[in-house]
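Residues per chain are reported as follows:
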Amino acid sequence: SLVALWRSFAEAGRLDGAMGGSHGGAVVRLVVAPHGTASATVSLGWYFPARDFMGGLVGNFYASSRLVHGSEEAARTLLPGSEAAADVRGWASFAATLSSPSSSLPAWLGDSLLNSLHHTRSVMWLADGRWRQWESYSCVNVDSVHNDGERHLAHLMLWPGGLLNLLRTFYEPSTSLLGTSRTSCSGPTRFRPRCAPGPPAPCRMG
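All figures in this text were calculated on a predicted structure; none of them were measured in a lab. (Residues numbered from 1 in each chain as written. Predicted model: local features only at pLDDT ≥ 70, side-chain atom pairs only at ≥ 80, totals over all residues. Heavy atoms only, no water.)

Give me the side chain of R130: which residues, what numbers.
Considering the arrangement of structural elements, one finds R130 in the loop between strand 3 (123-125) and strand 4 (131-136). Here the side chain of R130 touches D128 through a polar contact of 2.8 Å, side chain to side chain. (Helix = DSSP H or I, 4+ residues; strand = E, 2+ residues; numbered from the N terminus. Polar contact = N/O pair within 3.5 Å; in protein donor to acceptor, adjacent residues only side chain to side chain.)

Structure below.
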């Protein structure tokens, strides 16, 4: 239980195997000299190869392409010294050139450029390579045109391949458009995506 987990930590500063399937914890031990400073890094990872959408299996590209083979490997990719960690630091440096006291850009322009990327938090890279995006965490719509209109500039500048991938959804008659015509913000409409009934199965997701 969580009570047992934290009791062990409070008494001895460690976790003594009290973790279960629905909860857990992480401990890092440090010795800090008087008047000194120290820092610790904890990396959390997850691995969901069988991502589903409304009962249909759509998967995740990182699993189908074997970018990582499990949650532990995913967590290690962001630890100091890794290529991904260096990439994150590079993005932080890039952000500072847009919006910081040392930036040469007007504050309004730097802020606008930086925050034009905020929506990428809802991107999905599906198992078969399709690049899709939620309307928001509070709305189940996927790639609704009224949202993609404001997102396409960032895609065009940084991920042109992703933008082309998305455009094929709207122009190929063989695809099943999964957007405003398929769902509403509160759930599926009567126009459901073409997913096989029963156990998770491949889903026609635009």
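Report on the pattern of salt bridges, specifying residues and quantitative values.
Inspection of every chain in the model, using the stated rule, returns 2 salt bridges. As a salt-bridge pair, E72 and R76 come within 3.3 Å of each other at their nearest N and O atoms. Of this pair, E72 and R76 both sit in helix 3 (residues 71-76), 4 residues apart, which is roughly one turn of that helix. Its relative accessible area of 45% is what places R76 among the partly exposed residues. (Salt bridge = Lys/Arg side-chain N within 4 Å of Asp/Glu carboxyl O. Buried < 20%, exposed > 50% of the residue type's maximum accessible area, 1.4 Å probe, protein only.)

Break down the packing of aromatic side chains for me, citing the residues and quoting the values.
Scanning the model with the defined rule gives 4 aromatic pairs in all. Here the aromatic rings of Y47 and Y62 are separated by 5.8 Å at their centres, their planes lie at 50 degrees, and the arrangement is tilted. One end of the pair, Y47, is in the loop between helix 1 (2-12) and strand 1 (52-53); the other, Y62, is in helix 2 (residues 61-64), with 15 residues separating them in the sequence. With a centroid separation of 5.5 Å and 85 degrees between ring planes, the pair formed by W91 and F94 is classed as edge-to-face. (Phe/Tyr/Trp six-rings, centres within 6.5 Å; stacked < 30°, edge-to-face > 60°.)

A description of helix 4 (residues 83-98) should follow, citing residues and the corresponding values.
For helix 4, spanning 16 residues, the distance from its first C-alpha to its last is 23 Å, which sits close to the expected 22 Å at 1.5 Å a residue. Those residues of helix 4 not exposed but buried are A85, A95 and L98. An end-on view of helix 4 places all buried positions within 130 degrees of arc, on one side of the element. Contacts from the buried residues of helix 4 go to helix 5 (107-115). (Expected span 1.5 Å × (residues − 1). Arc of directions from axis to C-beta. Contact = heavy atoms within 4.5 Å.)

Explain unusual backbone geometry to me, using residue names and the numbers behind them.
Positive phi, normally seen in glycine, also occurs at H35, with a value near 65 degrees. The residue H35 is located in the loop between helix 1 and strand 1 in this model. One non-glycine residue, R66, adopts positive backbone phi at about 60 degrees. For R66, a relative accessible area of 59% corresponds to the exposed category.

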